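Next come the chains, spelled out residue by residue.
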Amino acid sequence: MKRTIIAASIVATTSLLSFAATANEPVWDANKVQLIAEKLDNGVYAYYPSDAKELEAKGLPVATSGGFIVGEKGVLIIDTMLNERLNKQVQGMVATEANKPIIYAVNTSFHGDHSYGNMYLPKETKIIQHEVAKDYIDNHFAHDTEFMMHNFGKGRGIEEIKPTDADILVGTGGDITLDLGGKRVEIIDFGFAQTGGDLFVWEPESKTMWSGNPIITVKPSLPWLLDGHLLETLASLQKVRAFLPDDATVVPGHGSPMTPDDIQWHIDYLDTIKTQVQAAIDEGLTLEETVAKVQMPEFRGYALRDWVHPSLNVPAAYRDLSATK
């Protein structure tokens, strides 16, 4: 697992740097993002960038989303953001809407925009991570901050970030249930979804799920196979969709609330890439020939598609499917 994550991070760094070099600016600027809170149900909130819906409609990248759940005992935050500025916005929304202590914070992955804000939480807040996320942070934190500064820019508060130990760990394939006082929250590992250390947060009363990065946002965004594992990622997203009632609400990793049906776009994309890459392998095509052949124009519209699809996802699928032969 460690070697897989390191190798994938190098691939992702190269790909994102190529995009950033072309654009000459961060994918999104953490010094400018303004978050808003949306009440989804009693004591259940999503937070996301104020321009999320506008950017989604254009297929453009959206900054990190998350949420918080309010119980009688206190509040659980889902994802703590990239820097102090954004974490303060989250804590400010909690103070405005709940005025209760933040007793738990869940990181849906080790990615810095979902976890760096841990260091700004109140001391009494218990941090929850997947054991794979903790392992990555313990062993590769310096590499991760370099990656984030390359792609999100220096002077965005990343330089001052220090790792913060998790208090509660979820094991591979595991789940835990928290009692916030009148609110029960489930934290679930559905399997390898993007990093191998992905956590999904489910509040059953309101039928709300926070997905983190395995589901970026509504179409035309595409899944990122950062660590490869096409087959496992596809299977995990199928499990998530089967788990969700049709009237559930999904808060994705980088966008505004969506429906369970919106997940089908991501599943269909991965299923199509699986079919077409497998056909190319069966024809004896090389990786380069496969990348050239597997165009999938029906899944266009995402601003980052021209590197996510040919530079990241098709090669990941080719390696994964080749290994199963």
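All of these numbers come straight from a predicted model, not from anything done at the bench. Counting from 1, residues in each chain are numbered in the order their sequence is written. Given that this is a predicted model, residues contribute local features only at a pLDDT of at least 70 and side-chain atom pairs are listed and counted only at 80 or more, while totals for whole chains, interfaces and linings are drawn from all residues. Excluding hydrogens and water, the side-chain figures rest on all heavy atoms present in the structure.

## Focus on the side chain of Ser115
Step number 1: With respect to the secondary-structure elements, Ser115 resides in helix H4 (residues 112-115).
Step number 2: Given a relative accessible area of 6%, Ser115 falls into the buried group.
Step number 3: A polar contact is formed between the side chain of Ser115 and the backbone oxygen of His111, at a distance of 3.1 Å.
Step number 4: Contact criterion: two residues are considered in contact whenever any of their non-hydrogen atoms come within 4.5 Å of each other. Filtering out sequence-adjacent residues up to four positions away, Ser115 remains in contact with Thr80, Met81, Asn107, Ser109 and Phe110. Each helix is a run of H or I in the DSSP string that is no shorter than four residues. Each strand is a run of E no shorter than two, and both are numbered from the N terminus. We call a residue buried when its accessible area falls under 20% of the maximum for its residue type, exposed when it is over 50%, and partly exposed in between, using a 1.4 Å probe and counting protein chains only. By the criterion applied in these results, polar contacts are pairs of N or O atoms within 3.5 Å in which, for protein atoms, one can donate a hydrogen and the other can accept it, and in which residues neighboring in sequence qualify only through two side-chain atoms.

## A closer look at the nonpolar core
Step number 1: For our purposes a nonpolar core is just a set of buried Ala, Val, Leu, Ile, Met, Phe, Trp, Tyr and Cys residues, chained together by side-chain atoms within 4.5 Å. Counting 79 residues, the largest nonpolar core has Trp28, Phe68, Leu82, Trp224, Ile273 and Val277 as the members making the most contacts within it.
Step number 2: The residues contacting Phe68, other than those within four sequence positions of it, are Gly43, Val44, Tyr45, Tyr47, Val75, Leu76, Ile77, Ile78, Met93, Val94, Glu97 and Trp210.
Step number 3: Formed by 22 residues, the second largest nonpolar core is a distinct cluster that contains Val44, Ile128, Val170 and Val201.

## Quick look at the pattern of salt bridges
Step number 1: Any Lys or Arg side-chain nitrogen located within 4 Å of an Asp or Glu carboxyl oxygen qualifies as a salt bridge. In total, this model carries eleven salt bridges according to the counting rule given.
Step number 2: A salt bridge links Arg156 to Asp29; the shortest N-O distance between them is 2.9 Å. Separated by 127 residues along the polypeptide, Arg156 in the loop between helix H5 (131-152) and strand S7 (168-170) and Asp29 in the loop between helix H1 (2-23) and strand S1 (35-41) bring together distant segments of the chain.
Step number 3: Overall, Arg156 belongs to the buried group, its relative accessible area being 17%.
Step number 4: Measuring nitrogen to oxygen at the nearest pair gives 3.3 Å for the salt bridge that ties Glu205 to Lys183.

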